[in-house]
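# Structural overview
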Amino acid sequence: MSRQIEQALLSLMPTHGSDLPPALVELAGSLLAQSRHQASTLKADEEIARTYACANIACDRLKITLDLPPIEPRPPIPPRIYKRLYTHLDNILRSHSTPTRATPGRTRTPGSRFRDADNSPASGSRPLPSRATPTKEQSLAQFRTPTKGATDTPTKSTRKKEAFARVNLQAWIHPTTRWVCAETDHKKLAPTILAGMENIITPAGRRTDDEWVLQNPTALFAAIYFFVTMRVKALASGEGIDREGYVPLRKEILALLARARSEVTVKDLAEEDAWEGWSTVKSKDFDDAVAKVNERAWLTGDWYQGIADVVKLSQRSHLEDVEMQNEETIPKMQIKKADTMFQDKYDFLSEAKRTKYMHWKEDMFTKIVLSTAQGAAMEVDT
């Protein structure tokens, strides 16, 4: 899948070099995984351009942040159908997954502009405000410790954090997923695992109300990683997992989580906010999470069923790479076809042909000598 995404990105930006920004490739892969969940059923002519459209959306969303060259779409389907597909995917794919450039200063909304207009002196609806001289109590209030029963007014940053927590995944999930997949050499599975976590924790773009999910995100992550890797193994090799294989794999996953807590860094957030909901997962917690995922039928979603497509594309890409290597390493040989002169019956200079020709030549010379001798004898008799 990563190779197809990179080819689509290079096709969209023909003037860009072969080294694509990792953030762009990652966003395109994440959008593709989300699209398989949010728009699982597309028309046949639209499905052809799903990967291309997701790559196009990723380029458009990051063209300013990454200073990308001009984007020149050449979709594999008619422009009218592609425009409809692009608009549909751009609307349903969540924009919070796109990193944006922070804009300094105050963010003005339409409502605030109207309020400012109503309160302006030119509106005439209200008199000019006058600032009264503060009293002694008001001046000293800012230096006093608030009473125990007083309620604090939430600040702008607090409201922003609360809104982020209600909508987004926990901040540690994305970097931890990438780290675990990199450690186990399963980088291509990161978008699928993230799609599964989003499908369970933030269905329809908002945090779920499921108490178990909210209280056990770490165990849920471990179970999702387990099921995804087992699905890939089953599709690639046809091998399942038994009790003897389950226990070592569980031990490996728990060890990875223990390392991730100390080695993964979540940027731009305090420790408490960065690792919201993280907990130490034990063997019993892991077993309970695996059973819970099976009970809730979370594995019936498109994000999980689409693993088969990921495996097929990976195998196809691997076969293409092997064929290219074979073409480069295997020397070219002449192939004898029925309509060519390379068949044995046309090889007049072979050893067998030469030997046969020598015997024929000797026989012919013998016949010539005999016929000549007989002719001379007949002339003498006459």
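Because the structure is predicted, anything quoted here is derived from the model rather than measured.

Another aspect to go through is the side chain of R250. You can see R250 is positioned in helix α13 (residues 243-263). In this structure R250 comes out as buried when scored by relative accessible area, which is 12%. Setting aside residues no more than four positions away along its own chain, R250 makes contact with S283, F286 and D287.

Here the focus is empty space enclosed by the protein. All chains considered together, the criterion is met by two cavities of 30 Å³ or more. Each pocket or cavity is described by its volume, and for the largest cavity that value is around 70 Å³. Lining the largest cavity are 11 residues; nearest its centre among them are A33, R36, T192, W303 and V310. When contributions to the lining of the largest cavity are tallied by element, the ones reaching two or more residues are α2 (22-38), α10 (190-201), α16 (302-305) and α17 (307-329). No other element matches α10, which puts three residues into the lining of the largest cavity. Each residue belonging to the lining of the largest cavity can be placed in one class, and the counts come to seven nonpolar, two polar and two charged. There are two domains that each give the lining of the largest cavity at least three residues, and those are domain 1 (1-93) and domain 2 (172-320). In this structure, the second largest cavity encloses a volume near 30 Å³. Lining of the second largest cavity is provided by V180, F221, Y225, I253, L256 and L257.

On to the nonpolar core, then. I193, L220, I224, F226 and F286 are the most contacted members of the largest nonpolar core, which has 53 residues in total. Those elements giving two or more residues to this core turn out to be α9 (173-183), α10, α11 (211-215), α12 (217-237), α13, α15 (283-296), α16 and α17. The biggest single contributor to this core is α12, with 12 residues. What F286 contacts, discounting residues up to four positions off in sequence, is A222, A223, F226, Y246, R250, I253, L254 and V281. Counting 31 residues, the second-largest nonpolar core is a separate cluster that includes A28, L32, A49 and C54.

If you add up the space inside the second largest pocket, you get close to 250 Å³. Around the second largest pocket, the lining residues are Q4, Q7, A8, R36, E47, I48, R50, T51, Y52, P76, D309 and L313. When contributions to the lining of the second largest pocket are tallied by element, the ones reaching two or more residues are α1 (2-12), α4 (50-62) and α17. Residues of the lining of the second largest pocket, tallied by class, amount to five nonpolar, three polar and four charged.

Right, let's talk about the packing of α10 against α12 for a bit. Contact pair α10 / α12: the axes reach a minimum separation of 10 Å and the direction vectors enclose 135°. On the basis of the axis angle, α10 is oblique to α12. Read as a crossing pair, α10 and α12 show a hand that is right-handed. In contact with T192, I193, M197, I200 and I201 of α10, α12 contributes P217, L220, F221, I224, Y225 and V228.

Following the criterion strictly, the structure yields 13 aromatic pairs and no others. Between F226 and Y246, the ring centres sit 5.6 Å apart and the planes meet at 90°, which makes this aromatic pair edge-to-face. On the criterion of sequence distance, the pair formed by F226 in helix α12 and Y246 in helix α13 is long-range, its members being 20 residues apart. With relative accessibility at 12%, the residue Y246 sits in the buried group. Their ring planes at 80° and their centres at 5.2 Å tell us that W275 and W278 sit as a pair that is edge-to-face. Judged by relative accessible area, W275 falls into the buried class, the value being 8%. Taken together, the ring pairs connect W172, F221, W275 and W278 into an aromatic cluster.

Reading the values: the criteria
- Residues numbered from 1 in each chain as written.
- Predicted model: local features only at pLDDT ≥ 70, side-chain atom pairs only at ≥ 80, totals over all residues.
- Heavy atoms only, no water.
- Helix = DSSP H or I, 4+ residues; strand = E, 2+ residues; numbered from the N terminus.
- Buried < 20%, exposed > 50% of the residue type's maximum accessible area, 1.4 Å probe, protein only.
- Contact = heavy atoms within 4.5 Å.
- 1 Å grid on protein atoms, 1.4 Å probe; cavity = no way out; pocket = protein on both sides within 12 Å on 5 of 7 lines; lining within 4 Å.
- Points joined across faces, edges and corners; volume = space filled by probe spheres on them.
- Nonpolar A, V, L, I, M, F, W, Y, C, P; charged D, E, K, R; others polar.
- Domains from an automatic or database assignment.
- Core = buried A, V, L, I, M, F, W, Y, C linked by side-chain atoms within 4.5 Å.
- Axes fitted to C-alpha atoms, helices over the stretch in contact; angles between N-to-C directions.
- Parallel < 35°, antiparallel > 145°, perpendicular 65-115°, else oblique.
- Left-handed = near helix turned anticlockwise from the far one by under 90°.
- Phe/Tyr/Trp six-rings, centres within 6.5 Å; stacked < 30°, edge-to-face > 60°.

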